[in-house]
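Coordinate inspection notes
Residue strings, one per chain:
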Amino acid sequence: MKTRTAFPIDVIRKDFPNLSVTIHGKPLVYLDNAATTMKPRTVLNALKRFYENENSNIHRGVHHLSQVATEDYEATRDKIRDFTNARHRQEIIFTKGATEAINLVAQSYGRTFLNKGDEIIISHMEHHSNIVPWQMLCQEKRCVLKVAPINDQGELIFAEYEKLLSERTKIVSMVHISNSLGTINPAKDIIAAAHQYKAKVLIDGAQSINHKKIDVQDLDCDFFVFSGHKLFAPTGTGVLYGKLEILDAMPPWQGGGDMIASVTFEKTTYNTLPNRLEAGTPHIAGVIGLGAAIDYVHSIGIDAIEEYEHELLQYGTKALTAIPRLRLIGTARDKAAILSFVLPNVHPHDVGTLVDQDGIAIRTGHHCTMPLMKRFNVPATSRASLSFYNTKQELDKLVASIRRVKEIFP
Amino acid sequence: MTEPIDIRADLYQEIILEHNKKPRNFKVMDHPTHFAEGYNPLCGDHLTVYLKVDPEGTIEDVSFQGSGCAISQASASLMTTSIKGKKVKEAEILFDQFHRLVTCALDPKKDPHQLGKLTIFTNIWHYPARVKCASLSWHAMHGALNKVQKVSTEE
Ligand SMILES: Cc1ncc(COP(=O)(O)O)c(C=O)c1O
């Protein structure tokens, strides 16, 4: 058990070269981690090593480099299986991100197994990437999209969700941690309730994979998706986890190289999992970088990360709410280190521009959750999203900067 | 960038803060001859511009309503005060000059213009993310005069 004081924040910050840049002459305070995270040097080195020493395509060469690249690429699959506690390595499908993983499920599973009148349930706090693919599917297959409501704290109203469940429910797709609110949804209960009706459940783990220990067997989810770039890895990498028997029944959604066993002009037979769902040359270097990112997270420990971030969240919540008339959007009891807020008389866009002058990067806007903004009756929010390399001093700087914003917009 | 940036002098000047707080001509018009909606999907700025143009082509009345950041609100307010009573043709010339000003294609110290106090937006190009906020109402006005009822800054 690590103690709090042992969290090696100074050492950790040095592992991320981008954290030491200056913006407008001030040290960068990077508080936009829900959009994307910084990359540790080990990940950057993995990319460099690949392109300088191992560059080649995978799964298709007998020459040495191709075999090395294939091994390194496939090693990441094993690391992710272990990281998420999946049963089999074939349950890990590489995609270019969470968005593509959700679209894969909608296009392959959804188009095959859903029929007219079937229902899909999402929540009011979903990212557009967990709304639009289902709307597209519903339009094509004449299915019905149902939205589980949330309360004023930004928590799923579980009883209302349960009321939406029925024999007609075929898919439940919900976010694990809301990127706009920080709410941690009770994923295990959501899944268990859906399974009573034999519905399949997809958990959007884009924001949870880097904040919490994920155990897909314990959750018992049917699908779990995340993006590599929010887990300290390169952009253009992502993962779909699916239970083997479900993935096995899913037809390919894209055709091309790697996904076939044999091709003639008359007939093509498909490859086995996982390749069947991975057509074309993937982001090989990126996936190898994702493996390095997971090694890095292991070296710190996801539990230590969760504990430190929780401490930051409590500190930040207290400091921000001490600013007169600042309103936090998202005050769930179970929350990750995301602080969305609004100030009267100041539009978030103006807040974003002003704090940027102090070197502070926050996100302002609707965070790809427009229905959620409407639910809270705000056009947009300002959002500080934290990671384990952030510090309390950085939160102090944010608060001081917001106080200066208030002087301009009293 | 060679010259230092001063955000209070460049962007959040008194006149902008004041127009943001008390926007002029901020109302829905009852019987406009022209109107158009402007939307900036990046930050959610959303406003409608209304115009009443008489048969001689004079802008008798102009107003706007909507929500958005200080820059978009103040710019809309200033847009209405600078085209009210002008000919449509003059408003279109101002639109062109304003557009060039905020994209750094017009230097108010060298190039001829009739921008008047609109030159307070001269340095906004230092903040590329905010140029669209300043030009949103102008695009809506231009769209309305040309019978385009919805304009988006993401074209
Ligand atoms: C909750 C959530 N889901 C899905 C996504 C989509 O991720 P990506 O754009 O990397 O595919 C994001 C990214 O912002 C997110 O925060």
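Residues numbered from 1 in each chain as written. Chains lettered and ligands numbered in written order. Predicted model: local features only at pLDDT ≥ 70, side-chain atom pairs only at ≥ 80, totals over all residues. Heavy atoms only, no water.

1. Description of the pairing of strand β8 (residues 200-204) of chain A
Residues and elements named next belong to chain A. Taking burial as the measure, the 5 residues of β8 include 4 buried ones, the bulk of the element. Examined bridge by bridge, strand β7 (residues 169-175) and β8 share 5 bridges and lie parallel to one another. Bridge assignment links Ser173 to a residue of β8, and that residue is Leu202. With 3 bridges connecting them, β8 and strand β9 (residues 223-227) associate as parallel partners. Residue pairing in the sheet places Asp204 in a bridge with Val225 of β9. (Buried < 20%, exposed > 50% of the residue type's maximum accessible area, 1.4 Å probe, protein only. Helix = DSSP H or I, 4+ residues; strand = E, 2+ residues; numbered from the N terminus. Pairing = 2+ DSSP bridges.)

2. Notes on the site of the ligand
Residue and element names in this part refer to chain A. Near the ligand you find Ala98, Thr99, His127, Ser129, Val175, Asn179, Asp204, Ala206, Gln207, Ser227, His229 and Lys230, and these make up its full shell. Taking Ala98, its main chain carries an N or O atom lying 3.4 Å from an oxygen atom of the ligand. Contacts to the ligand include His229, whose side-chain N or O atom sits 2.7 Å from an oxygen atom. Protein contact buries 84% of the 390 Å² of open area that the ligand shows by itself. (Near = heavy atom within 4 Å. Polar contact = N/O pair within 3.5 Å; in protein donor to acceptor, adjacent residues only side chain to side chain. Areas by Shrake-Rupley, 256 points an atom, 1.4 Å probe, with all protein chains shown as cover.)

3. Topic: the nonpolar core
Core analysis: the largest hydrophobic core is formed by 146 residues, its most contacted members being Tyr161 and Phe388 of chain A together with Phe121 of chain B. Looking at which element gives the most residues to this core, the answer is helix α10 (residues 284-300) of chain A, with 11 residues. Those residues in contact with Tyr161 of chain A, other than ones at most four positions away along the chain, are Ile121, Ala148, Leu156, Val172, Met174, Ile190, Ala193 and Ala194 of chain A. (Core = buried A, V, L, I, M, F, W, Y, C linked by side-chain atoms within 4.5 Å. Contact = heavy atoms within 4.5 Å.)

4. Observations concerning the interface of chain B and chain A
Bring the parts together and some accessible area is lost; that lost area is often taken as the interface size. In this assembly, 19 residues from chain B lie in contact with 11 residues from chain A. Here chain B packs against chain A, burying approximately 1,300 Å² in sum over the two surfaces, 61% of which is carbon and sulfur. Taken together, chain B and chain A are joined by 1 salt bridge. Between Arg130 of chain B and Asp350 of chain A there is a salt bridge; the shortest N-O distance is 2.9 Å. Summed over the shared surface of chain B and chain A, the result is 5 residue pairs in polar contact (both at pLDDT 80 or more). Looking at the side of chain B that touches chain A, the elements with two or more residues in it are α1 (7-10), α2 (14-21), α3 (70-83) and α5 (128-145) of chain B. (Buried area = accessible area lost by both parts, 1.4 Å probe. Salt bridge = Lys/Arg side-chain N within 4 Å of Asp/Glu carboxyl O.)

5. Describing unusual backbone geometry
Note that the residue after Leu273 of chain A, namely Pro274 of chain A, is joined by a cis bond; omega there is 0°. Even without being a glycine, Lys198 of chain A presents a positive backbone phi close to 60°. Counting through the fold element by element, Lys198 of chain A comes out in the loop between α7 (187-195) and β8. Overall, the relative accessible area of 70% leaves Lys198 of chain A in the exposed class. A positive phi angle, close to 55°, is found at Asn25 of chain B, a residue other than glycine. Note that Asn25 of chain B resides in the loop between α2 and β1 (34-40).

6. A few points about the sheet that holds strand β5 (residues 119-123) of chain A
Residues and elements named next belong to chain A. Pairing within the open sheet is mixed, and its 7 strands lie in the order β4-β10-β9-β8-β7-β5-β6. The open sheet has two edge strands with one neighbour each: β4 (92-95) and β6 (144-148). The sheet shows a mean angle of 20° between the axes of neighbouring strands, taken without regard to direction. Sheet topology note: the β9/strand β10 (residues 238-242) ladder contains 5 bridges and is antiparallel. Paired with Phe223 across the bridge in β10 is Gly242. Packed onto the sheet, helix α3 (residues 64-84) meets β4, β9 and β10 and runs at close to 120° relative to β4. (Axes fitted to C-alpha atoms, helices over the stretch in contact; angles between N-to-C directions.)

7. Topic: empty space enclosed by the protein
With a probe scaled to a water molecule rolled over the atoms, the places where space remains empty come into view. Residues and elements named next belong to chain A. Within this structure, the stated rule accounts for 2 cavities of 30 Å³ or more. By volume, the second largest cavity amounts to about 30 Å³. Lining the second largest cavity, in full, are Phe341, Val342, Leu343, Val346, Pro348, Val351 and Ser382. Residue assignment for the lining of the second largest cavity shows that the elements contributing at least two residues are β14 (338-342) and α12 (348-356). For the lining of the second largest cavity, the class distribution of residues is 6 nonpolar, 1 polar and no charged. (1 Å grid on protein atoms, 1.4 Å probe; cavity = no way out; pocket = protein on both sides within 12 Å on 5 of 7 lines; lining within 4 Å. Points joined across faces, edges and corners; volume = space filled by probe spheres on them. Nonpolar A, V, L, I, M, F, W, Y, C, P; charged D, E, K, R; others polar.)

8. Observations concerning the pattern of salt bridges
Residues and elements named next belong to chain A. Per the counting criterion, the structure on display carries 28 salt bridges over all chains. Among the salt bridges present, the one from Glu140 reaches Arg111, with a minimum N-O distance of 3.0 Å. Placement of Glu140 in helix α5 (residues 132-141) and of Arg111 in helix α4 (residues 98-113) is noted, with a sequence separation of 29 residues between them. The shortest N-O distance in the salt bridge between Asp218 and Lys188 comes to 2.9 Å.

9. Things to note about the domain arrangement of chain A
Residues and elements named next belong to chain A. Split by domain assignment, chain A resolves into domain 1 (9-40 + 301-408) and domain 2 (44-298). Taken together, the contacts link 42 residues of domain 1 with 36 residues of domain 2. Approximately 3,300 Å² of surface area, both sides summed, lies buried where domain 1 meets domain 2, with 55% of it carried by carbon and sulfur atoms. Among the ionic pairs, Arg375 bridges to Asp152, the shortest N-O distance being 2.9 Å. Our enumeration of links across domain 1 and domain 2 arrives at 29 residue pairs in polar contact (both at pLDDT 80 or more). Those elements that provide at least two residues to the side of domain 1 that touches domain 2 are α11 (302-321), β14 and α13 (370-375). In terms of residue class, the side of domain 1 that touches domain 2 is made up of 22 nonpolar, 10 polar and 10 charged. (Domains from an automatic or database assignment.)

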